[in-house]
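Close look at the chain arrangement
Chain by chain, the residues:
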Amino acid sequence: MACGSENTEGPAPDEGSPTVEASHPLGRLFRALGRLMVGGEDQRSNGDSQIAGYVSVWYQQEEAHITEIAVREKFRGRGIGELLLIGSLRAAVEYGSTAMTLEARVSNFIAQRLYEKYLFKSVGTRRAYYADNREDAVIMTVDGIDSEKYLDRFEELQNAYRSRWGEICIDL
């Protein structure tokens, strides 16, 4: 099925679940990611559906802040984390953000390299940030995500992603 031609309705929200307005950039991102099924088929009907990953973004004035980005361990190395980052950056630009910030575990070099690829820079450390083991977090940020220079580089990175993983099906 071609990108953009699949059903955009997605599953009905669970009773009491928070919802995001359909026209909001994150609402469209969530629906697109909801259609992302390992193996390319929708397994919700037989009860075998699993969440491969998720991202949470806060917007405050002109800054977007990724509060969480995670990929289930068995799905790592398949481009899902990068797809979540791409979708978050697209939504942030559409929302009107000019910068994006996040924290990463100091030991998570793989994530840090991904963020650096998208021009995030380390700007500080949050001591004992993670409650599970009191590990420090590196604070990373990228400014000017709405600039022509950044958007040109972002397009190059998305093209590289497409070359490796296939079409990016996030309609924002």
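Data block above holds the structure.
Throughout what follows, the structure given in this document is the object of discussion. (Residues numbered from 1 in each chain as written. Predicted model: local features only at pLDDT ≥ 70, side-chain atom pairs only at ≥ 80, totals over all residues. Heavy atoms only, no water.)

1. Quick look at the nonpolar core
Formed by 33 residues in total, the largest nonpolar core has its most connected members in Leu85, Leu89, Met100, Tyr115, Tyr118 and Phe120. For this core, the elements supplying multiple residues, two or more each, are strand 1 (53-60), strand 2 (63-71), helix 2 (80-95), strand 3 (99-105), helix 3 (109-117), strand 5 (137-143) and helix 4 (148-165). Sort the elements by how many residues they give to this core and helix 2 lands first, with eight residues. The residues contacting Phe120, other than those within four sequence positions of it, are Leu85, Met100, Thr101, Leu102, Tyr115, Met140, Thr141 and Val142. (Core = buried A, V, L, I, M, F, W, Y, C linked by side-chain atoms within 4.5 Å. Buried < 20%, exposed > 50% of the residue type's maximum accessible area, 1.4 Å probe, protein only. Helix = DSSP H or I, 4+ residues; strand = E, 2+ residues; numbered from the N terminus. Contact = heavy atoms within 4.5 Å.)

2. Section: the sheet that holds strand 1
Across the sheet, five strands lie side by side as 1-2-3-5-4; this open sheet has mixed pairing. Because the sheet does not close on itself, it has two edges, and the strands there are strand 1 and strand 4 (121-126). Neighbour-to-neighbour, the strand axes of the sheet open up by a mean angle of 25°, direction not taken into account. Strand direction decides the pairing type here: strand 1 and strand 2, joined by eight bridges, are antiparallel. When the bridges of strand 2 are listed, Gln60 appears paired with Glu63. (Pairing = 2+ DSSP bridges. Axes fitted to C-alpha atoms, helices over the stretch in contact; angles between N-to-C directions.)

3. Some remarks on the packing of helix 2 against helix 3
At a closest axis distance of 11 Å, the pairing of helix 2 and helix 3 adopts a crossing angle of 40°. Taken together, the axes of helix 2 and helix 3 lie oblique to each other. When the axes of helix 2 and helix 3 are compared, the crossing they make is right-handed. When helix 2 is examined against helix 3, the residues Gly81, Glu82 and Leu85 are found in contact with a partner set consisting of Leu114, Tyr115 and Lys117. Taken together, the residues that form the contact of helix 2 with helix 3 break down as three nonpolar, one polar and two charged. (Parallel < 35°, antiparallel > 145°, perpendicular 65-115°, else oblique. Left-handed = near helix turned anticlockwise from the far one by under 90°. Nonpolar A, V, L, I, M, F, W, Y, C, P; charged D, E, K, R; others polar.)

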